[in-house]
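Residue strings, one per chain:
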Amino acid sequence: MDTVTLTIDGRQVTVEKGKSVLEAAIAHGVDVPYYCYHPGLGVDGSCRVCIVKIEKMGKLQTACSTTCTEGMVVTTASPEVVAARASVFEFLLANHPLDCPVCDKGGECPLQDFSYTFGPERSRMEFPRREFDGAGVKADVDFGPTLLLNRNRCILCTRCVRFMRDVEGDAQIGITDRGYGSEISTFEEQGVISLLSGNLMDVCPVGAITTRDYRFRSRPWDNAQAVDTICTLCEKGCNTTAWLKAKPEWAKGARLVRMTPRLNPDVNGYWMCDIGRFDYHWVEGDRRVLQPHIRRGTSNDAAPWADALVAVKDAVDAAGGPASTFFYVSAHASLEELYVLRQIAAGAGGLTLAWRYREKPQPANTKFRIPSVDAPNVRGARDLGFDVGDPGQPADLSRMKAAVDAGQVKVLYVMDSGPDGSIGDVDWILAARQAGKIQTLIVHAVLHTALAEAADILLPASAFVEKDATYTNMDGRVQAASRVIPPPGDAVEDWQILVKLGVVFGSNLSFASSAAIREAIARDFASVPGYAGIPSLAFSRPVPAKTWLQGSNPSERWKWDFMFQDLPPVKFGEDFGPLPRADVIPLKEVK
Amino acid sequence: MSFHPAMDYGRGRHQSARALPEEGEPFVYTAENRATLDGILAHYPPDRRKSAVIAALYLVQRQQGHVTRQAMRHVAEVIGCTPEEVEEVVSFYTMFYTRPVGRRVIQVCRTLSCALMGAERVTEALTETLGVRPGETDAAGEFTLVEVECLGACDRAPVIGVDDHWHECQRPEDVRALIDGLRTKGAAALTGCHLRVAGDTE
């Protein structure tokens, strides 16, 4: 790697050749403010707040657009820079409404943070502020199905414009008019219609773009904890952070308040799609299965786990043993679950993996492609020896359908730990059950779906944020999804259900924890790239709000990896090695 | 099929106050204009065709006088960009009109040099003579008065443009005479310029 060495504020700093002064400063913990620069969107040079003094250059330079050269001497805190920077902030705030107390971004707003640090203490501007769509809340206008826009707060950094143009691939946002009247807009005010629209809230450095989903649901200081995990709604496996709101036990509402993307250059970059970002309400929704249910005659009552397991055993025995039991499994099952399932289904009639396949409407030139397979672990199932057909294809259900039609399936065990619909089409199961081709339908699910309603025995499972589990994404990368909240009601982690069922199916399993299963996977599948390291995968534990509020702005989540060197990334392998587990991650001292 | 979960937060209740350009009639280039545009587009690499947006918009304006949303969509399709990118250009430049204009457009420069040399006085004189304020068209549909940004002749401020013709060092009495001349003699009154921006229109 070619490097150059320069001096920033008297510190010798060595960076890769071609990096900008701003990148060097951020990487080495030198405080330089910036708005239009975003590592995923490149350099624009329009906000002017990153100005620094560089020796032998006549004027102050924007750090974001100046490339580091050997021997460069940069000053970020000389009186000249401080004064010039303060006046830039004065102009940025000249028309900003300063409604921070009612602004959704308040508390995690780079404009707030940097203005406090670098701005002047008072403004000399005495004229009325410019207003675009009205004062106060009247300025919040529709900006597509997921977003609201407040133009009064906008500082015209054009991050959203560049995101849509360069990443999304469809330049729906632009700046219309000029000068004083410049405003962020979409053609005919139709708003942003995109599956990546939620990222616009992340990139917006002020409260101009907010999501309808998270709007007014929480304040940053109320989000007591953040947990690094992964999204499991498709086979991309985006790295995410789940945010937990602090609330008393008796208070209404969910603890899980939002999902935001987390930098992983090899998987999702800085972004995630709207499906993963917004489709989490089912986890703490009203439709969760909280207890096992057993259907006896016309009644369908909640029952203890012991009774449910006995009922499963009776059903299997009544059907003539495991050979007439078939498994129909959503590819939302983690590696641990699939590993256990493979053992208990050894004597069963058959096992088919299913998933929903839907092509996402996206521009042809998008840089962030959302896969069509809506399940996180199809690749993992293939690695563990399940027959799942070619990569990136719809699930092949023909053999299962044939077995059902032939009347071989006396007991059908459906395992569906994903959200409603993620297992794909189940109407044919319901129809077969109606027609009497399936004697007993056992459903192991998280939600009261149509299938769960039709079940004879219903077992409550846990969602992806309720268990430590591992998944292999479409590129073969094994990633860990961490336990963020406990499963509700009597629901238990899926591997526990399966281990208990092992008794029914005659396999004597003695796994005491999901970690033990990971050890077994690593032993049996050491030849699969990456699998030998599964036991050393680090699961993230909640980072307390106190820590991240002190360390960095949470909407600048990508920067945490500079700030929290000790935060276990959800990665493993030779490069990273086994990482310590800790309940509280100490904040690294930031200079 | 919707991929977004329903989010009802204030949907439809929050309307933007931004004035949209006119929707207008369905627009396609005439065969002649399309041929001209294709010739211009050939100057650019295939992936940079949208660089021709200004030329494409001038052709729209030549064809129907102003740029409508329908025209923006058509231009976007022809040059390969999004309608929003076209609207950005239309709304940025003062020479593109989003509403119908009169037969002649009087543009008064209001940028620094002209402002210092009394452009506001010129605008006042024109307002008085034409009976319209900046941005308006007179009742007969003859003249539209607009204030524009720098016309690039700062050494001869104040400058006004009548369509594509520059008239420099204009004092209020000069513009009154110019308007009278335009009313009586038509294009023959356009004498003050030493440059024409696009030489082929008249």
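Cut-off values and rules
- Residues numbered from 1 in each chain as written.
- Chains lettered and ligands numbered in written order.
- Predicted model: local features only at pLDDT ≥ 70, side-chain atom pairs only at ≥ 80, totals over all residues.
- Heavy atoms only, no water.
- Buried < 20%, exposed > 50% of the residue type's maximum accessible area, 1.4 Å probe, protein only.
- Helix = DSSP H or I, 4+ residues; strand = E, 2+ residues; numbered from the N terminus.
- Salt bridge = Lys/Arg side-chain N within 4 Å of Asp/Glu carboxyl O.
- Pairing = 2+ DSSP bridges.
- Axes fitted to C-alpha atoms, helices over the stretch in contact; angles between N-to-C directions.
- Domains from an automatic or database assignment.
- Contact = heavy atoms within 4.5 Å.
- Buried area = accessible area lost by both parts, 1.4 Å probe.
- Polar contact = N/O pair within 3.5 Å; in protein donor to acceptor, adjacent residues only side chain to side chain.
- Nonpolar A, V, L, I, M, F, W, Y, C, P; charged D, E, K, R; others polar.
- Parallel < 35°, antiparallel > 145°, perpendicular 65-115°, else oblique.
- Left-handed = near helix turned anticlockwise from the far one by under 90°.
- Phe/Tyr/Trp six-rings, centres within 6.5 Å; stacked < 30°, edge-to-face > 60°.
- Patch = residues over 30% accessible without salt bridge, like charges linked within 9 Å, V, L, I, M, F, W, Y side chains within 5 Å.
- Areas by Shrake-Rupley, 256 points an atom, 1.4 Å probe, with all protein chains shown as cover.

**Student:** Quick question: what am I supposed to make of helix H13 (residues 494-504) of chain A here?
**Tutor:** Two residues of an α-helix separated by three or four positions point the same way, owing to the 3.6 residues in each turn. Residues and elements named next belong to chain A. Extensive coverage of H13 is indicated by the burial of 8 of its 11 residues. Regarding H13, the residues found buried are Asp494, Trp495, Ile497, Leu498, Val499, Leu501, Gly502 and Val504. Taken from the residues just after H13, Gly506 is the one with a positive phi, measuring 80°.

**Student:** I keep staring at the pattern of salt bridges and nothing clicks. Help me out?
**Tutor:** Between side chains of opposite charge, pairing is possible as soon as their charged atoms come close. All names here are of chain A. Within the structure shown, the criterion is met by 45 salt bridges over all chains. Measuring nitrogen to oxygen at the nearest pair gives 2.8 Å for the salt bridge that ties Glu466 to Arg288. Of the two residues, Glu466 sits in the loop between strand S20 (457-460) and strand S21 (469-472) while Arg288 sits in the loop between helix H6 (274-278) and strand S14 (293-296), which places them 178 residues apart along the sequence. Just as Glu466 is buried, Arg288 falls in that class too. A salt bridge links Lys360 to Asp374, with the nearest nitrogen and oxygen atoms 2.8 Å apart.

**Student:** Please explain the sheet that holds strand S6 (residues 140-142) of chain A as it appears in this structure.
**Tutor:** Sheet strands line up and pair through hydrogen bonds in the backbone, either parallel or antiparallel. Residue and element names in this part refer to chain A. Across the sheet, which stays open at both edges, the 3 strands sit in the order S6-S7-S10 with antiparallel pairing between neighbours. Two strands in the sheet have a free side with no partner beyond their single neighbour: S6 and strand S10 (209-211). Averaged over all adjacent pairs, the angle separating strand axes in this sheet is 35°, with direction ignored. Looking at chain direction, S6 and strand S7 (residues 147-150) are connected through 3 bridges and run antiparallel. Across the sheet, Asp142 pairs through a bridge with Leu148, a residue of S7.

**Student:** So what exactly am I meant to see when it comes to the domain arrangement of chain B here?
**Tutor:** Many descriptions give the size of an interface as the accessible area lost when the pieces come together. Assigned domains within chain B: domain 1 (17-92) and domain 2 (104-189). If you average the C-alpha positions of domain 1 of chain B and of domain 2 of chain B, the two centres end up 27 Å apart.

**Student:** Explain the domain arrangement of chain A to me, please; I cannot follow it from the model alone.
**Tutor:** All names here are of chain A. Domain parsing of chain A yields domain 1 (3-92), domain 2 (127-216) and domain 3 (293-363 + 370-509). Centre-to-centre, using C-alpha coordinates, domain 2 lies 43 Å away from domain 3. Counting from both sides, the interface comprises 5 residues of domain 2 and, opposite them, 5 residues of domain 3. Summing both partners gives a buried area of about 330 Å² for domain 2 against domain 3, and 75% of it is carried by carbon and sulfur. Looking only at domain 2, the three residues that lose the most surface to domain 3 are Glu168, Leu195 and Leu196, adding up to 87% of its buried area. At the boundary of domain 2 and domain 3, one finds 0 salt bridges. Taken together, the links from domain 2 to domain 3 amount to 0 residue pairs in polar contact (both at pLDDT 80 or more). Classifying every residue of the side of domain 2 that touches domain 3 gives 2 nonpolar, 1 polar and 2 charged.

**Student:** Just to check I follow, could you spell out the pairing of strand S1 (residues 3-8) of chain A for this structure?
**Tutor:** Regular strands place their side chains on alternate faces of the sheet. Residues and elements named next belong to chain A. Alignment of S1 against strand S2 (residues 11-16), held across 6 bridges, turns out to be antiparallel. Bridge pairing links Thr5 to Thr14 in S2. Two successive antiparallel strands, S1 and S2, enclose a turn made up of 2 residues, where Asp9 displays a positive phi of approximately 50°. Where S1 and strand S5 (residues 73-75) come together, 2 bridges link them in parallel fashion. Considered in S5, the bridge of Thr7 is made with Val73.

**Student:** Sorry if this is basic, but what is going on with the packing of helix H2 (residues 53-64) of chain B against helix H3 (residues 69-79) of chain B here?
**Tutor:** When two helices pack together, their arrangement is given by the angle between the helix axes and by the axis-to-axis distance. All names here are of chain B. In contact at an axis separation of 10 Å, H2 and H3 are set at 140° when each is read in the N-to-C sense. Taken together, H2 and H3 sit at an angle that is classed as oblique. In the packing of H2 onto H3, the handedness of the crossing is right-handed. Contacts between H2 and H3 involve Val53, Ala56, Leu57, Val60 and Gln64 on the former and, on the latter, Ala71, Val75 and Ile79. Of the residues belonging to the contact of H2 with H3, the class tally is 7 nonpolar, 1 polar and no charged.

**Student:** I'm lost on the sheet that holds strand S11 (residues 225-230) of chain A in this one. Help?
**Tutor:** Residues and elements named next belong to chain A. Spatial ordering of the open sheet is given by S13-S12-S11-S23, a layout of 4 strands whose pairing is antiparallel. Edge positions in the sheet fall to strand S13 (256-261) and strand S23 (543-544), since each has one partner strand and no second. Here S11 pairs with strand S12 (residues 239-244) via 6 bridges, running antiparallel. Residue pairing for S12: Gln225 is matched across the bridge by Leu244.

**Student:** What am I meant to see in the packing of aromatic side chains here?
**Tutor:** All names here are of chain A. In this structure the tally under the stated criterion is 17 aromatic pairs over all chains. Here the aromatic rings of Phe327 and Tyr413 are separated by 5.2 Å at their centres, their planes lie at 50°, and the arrangement is tilted. Of this pair, Phe327 sits in strand S16 (residues 325-330) while Tyr413 sits in strand S18 (residues 411-416), and the two are 86 residues apart along the sequence. Relative accessible area serves as the criterion here: at 0%, Phe327 is assigned to the buried category.

**Student:** Would you explain a nonpolar patch on the surface in this entry?
**Tutor:** Taken together, B:Leu112, B:Leu116 and B:Met117 make up a surface patch of nonpolar side chains, about 370 Å² in accessible area. Assignment of secondary structure puts B:Leu112 in helix H5 (residues 112-116).

**Student:** Got a minute to help me understand the packing of helix H1 (residues 31-41) of chain B against H2(B) in this structure?
**Tutor:** Residues and elements named next belong to chain B. For the pair H1 and H2, the least separation of the axes is 10 Å and the interaxial angle reads 170°. Between H1 and H2, the interaxial angle falls into the category roughly antiparallel. In the packing of H1 onto H2, the handedness of the crossing is right-handed. From H1, Asn33, Thr36, Leu37 and Ile40 reach across to H2, where they touch Ala55, Ala56, Leu59 and Gln63. Each residue belonging to the contact of H1 with H2 can be placed in one class, and the counts come to 5 nonpolar, 3 polar and no charged.

**Student:** Help me understand the environment of A:Asp228 in this model?
**Tutor:** Residues and elements named next belong to chain A. Examined against the element boundaries, Asp228 turns out to sit in strand S11. With a relative accessible area of 2%, Asp228 lands in the buried category. Once the C-alpha coordinates of Asp228 and Arg342 are considered, the two residues, 114 residues apart in sequence, prove to be 29 Å apart. A polar contact is formed between the side chain of Asp228 and the side chain of Thr241, at a distance of 3.3 Å.

**Student:** How should the interface of chain A and chain B be read in this particular structure?
**Tutor:** Tallying the contact residues gives 42 residues for chain A and 32 residues for chain B. For the pair chain A and chain B, the summed buried area comes to about 2900 Å², and 59% of that belongs to carbon and sulfur atoms. Among the residues chain A hides against chain B, the three largest losses belong to A:Arg178, A:Phe187 and A:Glu188. Together they make up 26% of the total. For the interface between chain A and chain B, the tally reads 4 salt bridges. With a closest N to O distance of 2.6 Å, A:Glu189 and B:Arg18 form a salt bridge. Viewed at the interface, chain B and chain A are joined by 16 residue pairs in polar contact (both at pLDDT 80 or more). Of all the secondary-structure elements, those providing two or more residues to the side of chain A that touches chain B are S6, strand S8 (173-176), strand S9 (183-186) and H6 of chain A. Residue contributions to the side of chain A that touches chain B peak at 4 residues, all from S8(A). Here the side of chain A that touches chain B is built from residues that sort into 14 nonpolar, 9 polar and 19 charged.

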